[in-house]
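Structure assessment
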Amino acid sequence: MERITKKNKISKILIFIFFALSFSFSENQSIKDQFISDLLEKMTLEEKIGQMTQVDRQFIELSDINEYFIGSILSGGGSTPEVNEAKAWADMVDQYQQEALKTRLKIPIIYGIDAVHGHNNVKGAIIFPHNIGLGCMRNPELVKQAATVTAEEVAATGIHWTFAPCLAVSRDERWGRAYESFSEDPGLVTDYSAAAIKGYQGNSLGEKGKILSCAKHFAGDGGTLWGTGLKGKIDRGNTILNEDEFRRIHVEPYLPAIDAGVGSIMASFNSWNGEKVHGKKDLLTGIIKEELGFEGIIVSDWQGIDELPGDYKSDIIAGINAGIDMVMVPGAVPYGGESFKIFLKLFKEAVLEESILMSRIDDAVRRILTVKYDMGLFEHPMADRTQVNNIGTDSHREVARQCVRESLVLLKNENSILPLNKENQKITVTGSHADNLGYQCGGWTITWQGDSGAITDGTTIFQGIITTVSDPSSVILSENGENLLDADVVIAIIGEKPYAEMEGDREELIIDKNDLKLLKKIKESGKPVAVILVTGRPLIITPYLDDWDALIAAWLPGTEGEGVTDVLFGDYIPTGKLSVSWPKHMNQIPINIGDENYDPLFEYGFGLSY
Ligand code: GLC
């Protein structure tokens, strides 16, 4: 009897706790719903369409926020405050917020940025390997940790929202955004999807040190065909697939993201079977909102509606009616875009003439207000200054260094010249990418296109080598390949110069001619050579591979160059596996795992070890 009554007591307590929790949850839900409904009811048309408008900080005056009820500000790539350091960013975001809180209904702004491989616009922030390298780790948990660190560093600057993760499934290496994709394999991208969302957002929006994430670019961004894109190349082109294949390859990765609670999804510039995604209601509303039950914000890409057929007003009508809730206008007049003031004027006309119904407007604004509420922006609109030093820390750096270690892929290692010896070995380090932090970070770093040189804080691969060997005088840096004859081994660190988006579209994926001159010198010296490729994608190396004793694909490793030297000297035994197929020749491209007559130089999943 005794045991039974005790068991009853425990079960009664558990039942009470369950109902108490579910009551408080539903109580909170009804408080939120009531708050948002009351606010929506009070809003004028101008206030509603202002909430649906996102403007880049460089195209708006502080007073505009109050005058036009702007709901969101972004920093496009390189759109930074005068002084590019954490406190200045937080001060800037707070300035905009203070303006927003002067409006009649005091609705806070939400500030977005492309923190796509770390908080990459901010000097001193940790820069992670770009996604193509993270794909080679086969480690969703570490991707979650990388997103967690990025979220902490973004939150440290007072910013609320990153336009990441990119869930592109890149099927053609000629695409300038191939490195932003985790893999050509939809399964691998899907494996990473929820991990990234949880890293950025936590288990529910509004947690300390967490931010709103944005799964992008829905959908088919990585499936476009060469010749259908901008300037006859591939970016923003046409993805031609039947619905089953389109869903299997390009929609699939979004399912776990939505299940994980992603708060925003960005529409994609590309077309699917000739129709621009930004205007496709069957995709944006039909699949994302109705079929998958997404309750967050669909945001356009930068001037994404401008590429729709028709004039600007018809673009606005088509985009909003397709299901876009917030338009990244962004007011980029210098780049041929429209001022946000024109956008608002035409948007209002469209609603007044009922080309856009108020029910669509209210759905969009409700979504925006709900995300802002869940983010805690109504309660805590200003930057959390206690976090302002949580950027570029040693513990964050260690996470990035581990990502670098695990992202490297050992593709060749004859005569076991790797791992290198830390002593009793004369090493000559050559190549344009040996001692160049900007090159090893790639695009989307400090500026949109990235740059050369010491663009931020970090360690180059050469600096990593110097700090690893016992006697630094045993290492010579000779970027152009002089002084080879004294070397016991030559390390040639070559690759691509930084690029982003359409600027990286390349018809030929060839090794730079200066790098070829260097490789010829090395070959003539007869010295054993390990080549390290610092690139955003595979290059055609077939004609030269036999001259190399060892080869490592380092991708775009970011600021932690010591992660590369950890592998070079065997402090980390290489585990990376290719996230993309490595073509033998250009005429094989596009080449993807699962193709008929699949015959790459190195297949998807290949990777050696010591
Ligand atoms: C760019 C990119 C998108 C980015 C946005 C804001 O054009 O397509 O990935 O988030 O504009 O910078």
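For the structure given in this document, a descriptive report is provided here. No experiment lies behind these values; they were computed from the predicted model shown. (Residues numbered from 1 in each chain as written. Predicted model: local features only at pLDDT ≥ 70, side-chain atom pairs only at ≥ 80, totals over all residues. Heavy atoms only, no water.)

Quick look at the overall build of the protein
What counts, and what does not: Numbering goes from the N terminus for both helices and strands, where a helix is a DSSP run of H or I of at least four residues and a strand is a run of E of at least two. Burial status follows relative accessibility: with a 1.4 Å probe on protein chains alone, a residue under 20% of its type maximum counts as buried, one over 50% as exposed, and anything between as partly exposed. Any two residues whose heavy atoms approach within 4.5 Å are treated as being in contact. Under the convention used here, a 1.4 Å probe and the Shrake-Rupley method define accessible areas, while residue burial counts only the protein chains that appear.
Helix and strand counts for the protein come out as 18 helices and 17 strands. In terms of its C-alpha atoms, the protein occupies a principal-axis envelope of roughly 80 × 80 × 50 Å. For the protein, the residues scored as buried account for 60% of the 610 residues in total. Taking the contacts inside the protein whose residues are at least 6 apart along the sequence as the reference set, 78% of them involve residues at least 24 apart. With the model as given, the accessible surface of the protein reaches about 23300 Å², and the carbon-plus-sulfur share is 52%.

Quick word on the sheet that holds strand E7 (residues 264–267)
Keep this limit in mind: For two strands to pair, DSSP has to find at least two bridges joining them. In this analysis an axis means a line fitted to C-alpha atoms, helices contributing only their contacting stretch, and an angle means the value between N-to-C directions, from 0 to 180 degrees.
Overall, parallel pairing links the 3 strands, which are arranged E5-E7-E10 in an open sheet. Of all the strands in the sheet, just strand E5 (214–218) and strand E10 (297–299) have a single pairing partner and so form its edges. The sheet shows a mean angle of 25° between the axes of neighbouring strands, taken without regard to direction. Seen against the sheet, helix H10 (residues 281–291) touches E5, E7 and E10 and runs at an angle of roughly 140° to E5.

Considering the packing of aromatic side chains
Ring pairs (aromatic) are described by centroid distance and by the angle formed between their planes. Cut-off, in case you're wondering: Pairing of aromatic side chains requires ring centres within 6.5 Å, counting the rings of Phe and Tyr and the six-membered ring of Trp. Pairs whose planes differ by under 30 degrees are stacked, by over 60 edge-to-face, and all others tilted.
Applying the stated criterion across every chain yields a total of 17 aromatic pairs. When the ring of Phe35 is compared with that of Tyr373, the centres are 5.4 Å apart and the planes differ by 45°; the resulting orientation is tilted. In this pair, Phe35 sits in helix H1 (residues 2–42) while Tyr373 sits in helix H13 (residues 358–374), placing the two residues 338 residues apart along the sequence. Look at Phe35 and you get partly exposed, because its relative accessible area is 33%. For the pair Tyr96 and Tyr111, a centre-to-centre distance of 6.1 Å together with 35° between the ring planes defines the contact as tilted.

Structural notes on the site of the ligand
Heads up, the condition is: For each residue, the test is whether any non-hydrogen atom lies within 4 Å of the molecule or strand; if one does, the residue is near. Here a polar contact is recorded for every N or O atom pair within 3.5 Å, except that within protein the pair must consist of a potential hydrogen donor and a potential acceptor, and residues adjacent in sequence are included only if both atoms are side-chain atoms. Just so you know the grouping, Ala, Val, Leu, Ile, Met, Phe, Trp, Tyr, Cys and Pro go in nonpolar, Asp, Glu, Lys and Arg go in charged, and all remaining residues, Gly too, go in polar.
Around the ligand, a shell composed of 13 residues is seen, among which Asp114, Arg177, Lys216, His217 and Asp301 lie nearest. One of the side-chain nitrogen or oxygen atoms of Lys216 is found 2.8 Å away from an oxygen atom of the ligand. Within the side chain of Asp301, one N or O atom sits 2.7 Å away from an oxygen atom of the ligand. Protein contacts shield 97% of the accessible area of the ligand, which totals 310 Å² for the unbound molecule. Here the residues of the shell around the ligand sort into 6 nonpolar, 1 polar and 6 charged.

Some words on the packing of helix H11 (residues 312–322) against helix H12 (residues 340–352)
Note the cut-off: Every angle not falling under 35 degrees, over 145, or within 65 to 115 is termed oblique; those three ranges are roughly parallel, roughly antiparallel and roughly perpendicular. In this scheme the handedness of a crossing depends on how the near helix is turned from the far one: anticlockwise by less than a right angle means left-handed, clockwise means right-handed.
Two numbers describe how H11 lies on H12: the axes approach to 9 Å, and their chain directions differ by 65°. Relative to H12, the element H11 lies roughly perpendicular. In this structure, H11 crosses over H12, and the sense of that crossing is right-handed. Judged by residue contacts, Tyr312, Lys313, Ile316, Ile317 and Ile320 of H11 engage Ile342, Phe343, Leu346, Phe347, Glu349 and Ala350 from H12. The class makeup of the residues in the contact of H11 with H12 is 9 nonpolar, no polar and 2 charged.

Focus: the sheet that holds strand E8 (residues 271–272)
What the 3 strands build is an open sheet, ordered E6-E8-E9; its pairing is mixed. Strands with a single pairing partner mark the edges of an open sheet, and in this sheet they are strand E6 (238–239) and strand E9 (275–276). Examined bridge by bridge, E8 and E9 share 2 bridges and lie antiparallel to one another. For Ser271, the partnering residue across the bridge sits in E9 and is Lys276.

Here's the deal with the pattern of salt bridges
What counts here: One side-chain nitrogen of Lys or Arg within 4 Å of one carboxyl oxygen of Asp or Glu is enough to make a salt bridge.
Considering all chains together, one arrives at 44 salt bridges under this definition. A salt bridge links Asp91 to Arg385; its shortest N-O distance comes to 2.8 Å. Here Asp91 is found in helix H4 (residues 86–100), whereas its partner Arg385 is found in the loop between H13 and helix H14 (394–407), with 294 residues between them in sequence. With a relative accessible area of 30%, Asp91 lands in the partly exposed category. Notably, a salt bridge pairs Glu349 with Lys313, separated by 3.1 Å at the nearest N-O pair.

Some thoughts on the environment of Ala215
Relative to the elements of secondary structure, Ala215 occurs in strand E5. C-alpha separation for the pair Ala215 and Ile197, spaced 18 residues apart in sequence, amounts to 8.1 Å. Setting aside residues up to four positions removed in sequence, Ala215 forms contacts with Ala164, Pro165, Leu167, Tyr254, Ala257, Val262, Ser264, Ile265 and Met266.

Remarks on unusual backbone geometry
Between Lys216 and His217 the backbone carries a cis peptide bond, its omega angle lying at -10°. As for its position among the elements, His217 is in strand E5. The residue after Leu418, namely Pro419, is reached through a cis peptide bond having omega -5°. Within the chain, Asn273 stands out as a residue other than glycine whose phi angle is a positive 50°. By the secondary structure assignment, Asn273 is in the loop between E8 and E9. Phi angles above zero are rare outside glycine, and Ile446 is one such case at about 65°. On the secondary structure map, Ile446 appears in the loop between helix H15 (437–441) and helix H16 (461–468). The buried category is assigned to Ile446, whose relative accessible area is 12%.

Here's the deal with the state of the cysteines
Our working definition: Here, two cysteine sulfur atoms that lie within 2.5 Å of each other are counted as a disulfide.
Tallied over the entire structure, the rule returns 0 disulfides. A disulfide-free cysteine, Cys403 has its sulfur positioned 12 Å from the sulfur of Cys136, the nearest such atom. For Cys403, a relative accessible area of 0% corresponds to the buried category. The cysteine Cys441 is free of any disulfide, with Cys403 supplying the nearest cysteine sulfur at 14 Å. With relative accessibility at 0%, the residue Cys441 sits in the buried group.

Points about H12
Keep this limit in mind: An expected span of 1.5 Å times one less than the residue number is assigned to each helix.
If you check H12, its first and last C-alpha atoms are 18 Å apart, about what 13 residues at 1.5 Å a residue would give, namely 18 Å. Tucked inside the fold, the buried residues of H12 contact helix H2 (45–51), strand E1 (53–56), helix H3 (62–68), H11, strand E11 (327–328) and H13. N-cap assignment for H12: the residue whose side-chain oxygen lies 2.9 Å from the backbone N of Lys341 is Ser339. Positioned one or two residues after H12, Glu354 has a phi angle of 65°, which is positive.

Structural notes on the pairing of E7
Of the two faces of E7, the one carrying Ser264 and Met266 and the one carrying Ile265 and Ala267 are both buried. Looking at chain direction, E5 and E7 are connected through 3 bridges and run parallel. The residue of E7 that forms the bridge with Cys214 is Ser264. Of the strand pairs in this sheet, E7 and E10 are connected by 3 bridges, and their pairing is parallel. Residue pairing in the sheet places Ser264 in a bridge with Ile297 of E10.

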